[in-house]
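Chain and residue survey
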Amino acid sequence: MQVSPNPVTKDTTVQFFLPMEKQVKVGLYDVFGREVALLFEGNAQGAQSIPWNNTSALMSLSSGLYFVSVEFDGKTYATKAIVD
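Now for a look at the structure at hand.

Parameters and conventions
Residues numbered from 1 in each chain as written. Predicted model: local features only at pLDDT ≥ 70, side-chain atom pairs only at ≥ 80, totals over all residues. Heavy atoms only, no water. Helix = DSSP H or I, 4+ residues; strand = E, 2+ residues; numbered from the N terminus. Buried < 20%, exposed > 50% of the residue type's maximum accessible area, 1.4 Å probe, protein only. Contact = heavy atoms within 4.5 Å. Areas by Shrake-Rupley, 256 points an atom, 1.4 Å probe, with all protein chains shown as cover. Lys, Arg positive; Asp, Glu negative; His and termini not counted. Charge placed at Lys NZ, Arg CZ, Asp CG, Glu CD.

**Side note on the overall build of the chain**
Scanning the chain from N- to C-terminus turns up one helix and five strands. Overall, the chain shows an N-to-C arrangement of helices and strands of β-β-β-α-β-β. Overall, the C-alpha framework of the chain stretches about 35 × 25 × 20 Å when taken along its three principal axes. Sorting the 84 residues of the chain into buried and exposed places 36% on the buried side. For the chain, restricting intrachain contacts to residue pairs at least 6 apart in sequence, the fraction spanning at least 24 positions comes to 51%. As displayed, the chain has an accessible area near 5000 Å², and 51% of this comes from carbon and sulfur atoms. Between the mean site of the 6 positive side-chain charges and the mean site of the 8 negative ones, the chain shows a separation of 4 Å.

This is how it looks when you write it as structure tokens:
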């Protein structure tokens, strides 16, 4: 999984690969583990590029460290994202 570019811009995407179709949730969390935005939820397979949409929830983020997580099959994979 990769967040690119990082620090985050309006053109940031979350990229990951799933070899088989899975139910997936891609979320954005603050340093306290609170979900601040849901980036994607649904079925996915293969190479995925989820846009970091400029929704009001994302545009109002304070500068700092966040975590992007990809959840499927009861497992969670996370990476850091910096908001300037």
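**A few points about unusual backbone geometry**
Going from Ser4 to Pro5, the amide bond is cis rather than trans, its omega being -10 degrees. Of note, Pro5 is situated in the loop between strand E1 (2-4) and strand E2 (13-29). For the peptide bond that leads from Asn6 to Pro7, omega is 20 degrees, which places it in the cis range. Following the sequence through the fold, Pro7 ends up in the loop between E1 and E2. Here Asp73, not a glycine, exhibits a phi torsion of approximately 50 degrees, which is positive. Along the chain, Asp73 turns up in the loop between strand E4 (64-72) and strand E5 (75-83).

**Some remarks on the side chain of Ser69**
Mapping Ser69 onto the fold places it in strand E4. When its relative accessible area of 4% is taken as the criterion, Ser69 is described as buried. Dropping the residues within four chain positions of it, Ser69 is found in contact with Lys25, Val26, Gly27, Tyr29, Thr76, Tyr77 and Ala78.

**Brief notes about the environment of Asn53**
Topologically, Asn53 is positioned in the loop between strand E3 (35-51) and helix H1 (56-59). By relative accessible area, which is 38% here, Asn53 ends up partly exposed.

**Some details on the environment of Thr79**
In this structure, Thr79 sits in strand E5. By relative accessible area, which is 23% here, Thr79 ends up partly exposed. Residues in contact with Thr79, not counting those within four places in the same chain, are Met1, Val3, Tyr66, Phe67 and Val68.

All we've got here are geometric facts, nothing functional implied.
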